[in-house]
Amino acid sequence: MNKIENAIYQIDMFDKQINQKSIFNQLHPLFKLLLTFLYLILLTSINPYDIFTTIAMGIYLFIISIVGNLPIKNCKKQLKVVLLLLIIVGIANPIIDRRVITYINNIPITTGMISFITLLIKGSFALINTYFLIATTSIESICYALKMLHLPNMLIIVFMLIYRYITVFLKQVEDIWTAYSMRAPKQKGVHYTAWKSLIGSFMLRSIDRAQNVYESMELRGFSPDMFLLEKRKINVRSVSYFTIGVMLLLILRFIPIFNMIGYIFI
Amino acid sequence: MHMSDALVSPAVGTTMLIASGLAAAYSIKKIKQEDDFKKKIPTMGVMGAFVFATQMVNFTIPGTGSSGHLCGGLLLSAILGPYGGFLSMIGVLLIQCLFFADGGLLALGGNIWNMAFYGCFVGSLIWKLIMKNGMSKKKIIVSSIIGSVVALQLGAFSVVIETMLSGVTELPFGVFLTAMQPIHLAIGLVEGLITAGVLCFIYEARPEMLWSPTQKMDKQSKLSYSKTIAILVCSFIIIGGGISLLASSNPDGLEWSIEKITGDTEIEKKESNIYTETEKIQNATAILPDYAIKNNDSIIGTSISGIIGCGITVIFLIGLGTIIKFKRKKEKVKDE
């Protein structure tokens, strides 16, 4: 089943990337998380017809990609899915909004076309930005940043547990699926007569596993209030990265760089 | 139904994050009041991973040739209760967003609201109402299907509202709604059937694992039957009266299609045939023609018509329920 293999591959890929020695991997997670959010807020706040500012926001991603050696092609599969969804939602823009703003080779360029393209660019940039965060930050570091933002311990523990068990469960589901497909070849999905027993028995095993996990956690002295994560120090490099990042983003968002460059040549 | 970051404006994204955050904080507060909350934490984590993994399995939909998958909000609530289920779903959605690009980070609040909040809280409210007098296989099937359908319909409606408020699409409200609601009705039905199958299996094998509201309701019944009905009535008034004001004056999906073909939203009627006769009957019997009071085109008219419409539906459903109950009682007496 491709879906399961893809998911396992995806998690493995992120694990490998996080273990690489890159500048961004060693930065404080809180600053990376805050900068990711700031980027998203600035990007989504751009006027739907302001295509140049939207494109300018890509400069930040380009710099991160080059400096951090983060190839964008790794997220092309996710990009396809996001773009498909955005096309469905935005396809009406060029059809309904037909105000012509200019002509290129006698082809009318409408405001609807511009807003549609801007929507696609925004979606792609937002996804690449989140991908950069995950590719350079481990799950423990993200949890540490969330804890610094005063997110409740319980939510962080649940989040970490889900992440840790996903790979185990995905492998189990893959085994179940392989066994089922060998008994029912050429079948598109699980037949409805097997729905309840297949998932039901897997669910019962999962609940038993949860019981064992709880008992082992208890034996190790687990307490939700004493949940500790390895401390990450705030260093000069992280603060500098954050300051430069904020400045760069504000410049890209509020100063019409492309227009300024254009005026030089006119 | 996962929304991407590009589909929400910062204002909508932040508002939904705050709303979902408040719901999460309330859930944590409530779950900490439970006796076995420590035990629930690993169960929530493991069950979240279980839902994530089972979402990868496609189930054949009989007679259609297509397949669907489990969403999990109601399933988690039926095992962990609404609060535990909601927190687990937050974890699942956060991982989907970060590692699999299923939904954006800024849109996370909206996605939690659309998928986890309705699935867990509205779904479990329906579960609670149906299981009030004990659990049975039939009740599990009915509550799973109704819960999934209602949760998905509300979720799809919220997606439309959030996208429209963000101003990213030129799609008219009516057309967008027409595109979203029917497809999610079908998805809801399939999800309801899968959830029902799995929960019936658990009921047969280990019924004690299912969340039974009756035990706790006896101890700490905070929301009585009358209060629930009062809340539902208030919701009808708000939805029927308030939200109907937001209803688009543009033609709906079908009218829009007709207008594109004929140039008018109404199909041309033929003289002296059955159409004229039926129209006469309809005009005479319709209390609220075109969702407004007769001879009144004002906004208040639309609002009142919304409230009256909701009221008539409720009365009709209660009446139908009473008739069925009465008939069943009669049959029972006959059998005895």
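For the structure, see preceding data.
First, a word on what this report is: a plain description of the structure on this page. Predicted model, so just to flag it, every value in this text is computed and none were measured.

### A short note on the overall build of chain B
Summing up its helical and strand segments, chain B has eleven helices and two strands in all. The N-to-C order of helical and strand elements in chain B reads α-α-β-β-α-α-α-α-α-α-α-α-α. Each of the 336 residues in chain B was classed as buried or not, and the buried ones make up 48%. Across chain B, contacts joining residues at least 24 apart in sequence account for 69% of those joining residues at least 6 apart. Accessible area for chain B stands at about 17300 Å²; split by element, carbon and sulfur atoms hold 65% of it.

### Description of the side chain of Ser238(A)
Along the chain, Ser238(A) turns up in helix H11 (residues 236-254). Of note is the side chain of Ser238(A), whose polar atom sits 2.6 Å from the side chain of Asn235(A).

### Focus on the packing of helix H2 (residues 29-44) of chain A against helix H7 (residues 111-136) of chain A
Residues and elements named next belong to chain A. Running from N to C, H2 and H7 point in directions that differ by 180°, and their axes come no closer than 10 Å. By the angle class used here, H2 and H7 are roughly antiparallel. In this structure, H2 uses Lys 32, Leu 33, Thr 36, Tyr 39, Leu 40, Leu 43 and Thr 44 to contact H7, whose residues at the interface are Lys 122, Phe 125, Ala 126, Asn 129, Thr 130, Leu 133 and Thr 136. Counted by class, the contact of H2 with H7 contains seven nonpolar, five polar and two charged residues.

### Quick word on the interface of chain A and chain B
Contact residues are listed per partner, giving 75 residues for chain A and 72 residues for chain B. Taken together, both faces of the contact between chain A and chain B bury some 6700 Å²; the carbon and sulfur share is 81%. Applying the counting rule to chain A against chain B returns one salt bridge. For Arg206(B), the salt bridge identified is with Asp208(A), shortest N-O distance 2.9 Å. Put simply, chain A and chain B have four residue pairs in polar contact (both at pLDDT 80 or more) between them.

Conventions and cut-offs
- Residues numbered from 1 in each chain as written.
- Chains lettered and ligands numbered in written order.
- Predicted model: local features only at pLDDT ≥ 70, side-chain atom pairs only at ≥ 80, totals over all residues.
- Heavy atoms only, no water.
- Helix = DSSP H or I, 4+ residues; strand = E, 2+ residues; numbered from the N terminus.
- Buried < 20%, exposed > 50% of the residue type's maximum accessible area, 1.4 Å probe, protein only.
- Contact = heavy atoms within 4.5 Å.
- Areas by Shrake-Rupley, 256 points an atom, 1.4 Å probe, with all protein chains shown as cover.
- Polar contact = N/O pair within 3.5 Å; in protein donor to acceptor, adjacent residues only side chain to side chain.
- Axes fitted to C-alpha atoms, helices over the stretch in contact; angles between N-to-C directions.
- Parallel < 35°, antiparallel > 145°, perpendicular 65-115°, else oblique.
- Nonpolar A, V, L, I, M, F, W, Y, C, P; charged D, E, K, R; others polar.
- Buried area = accessible area lost by both parts, 1.4 Å probe.
- Salt bridge = Lys/Arg side-chain N within 4 Å of Asp/Glu carboxyl O.

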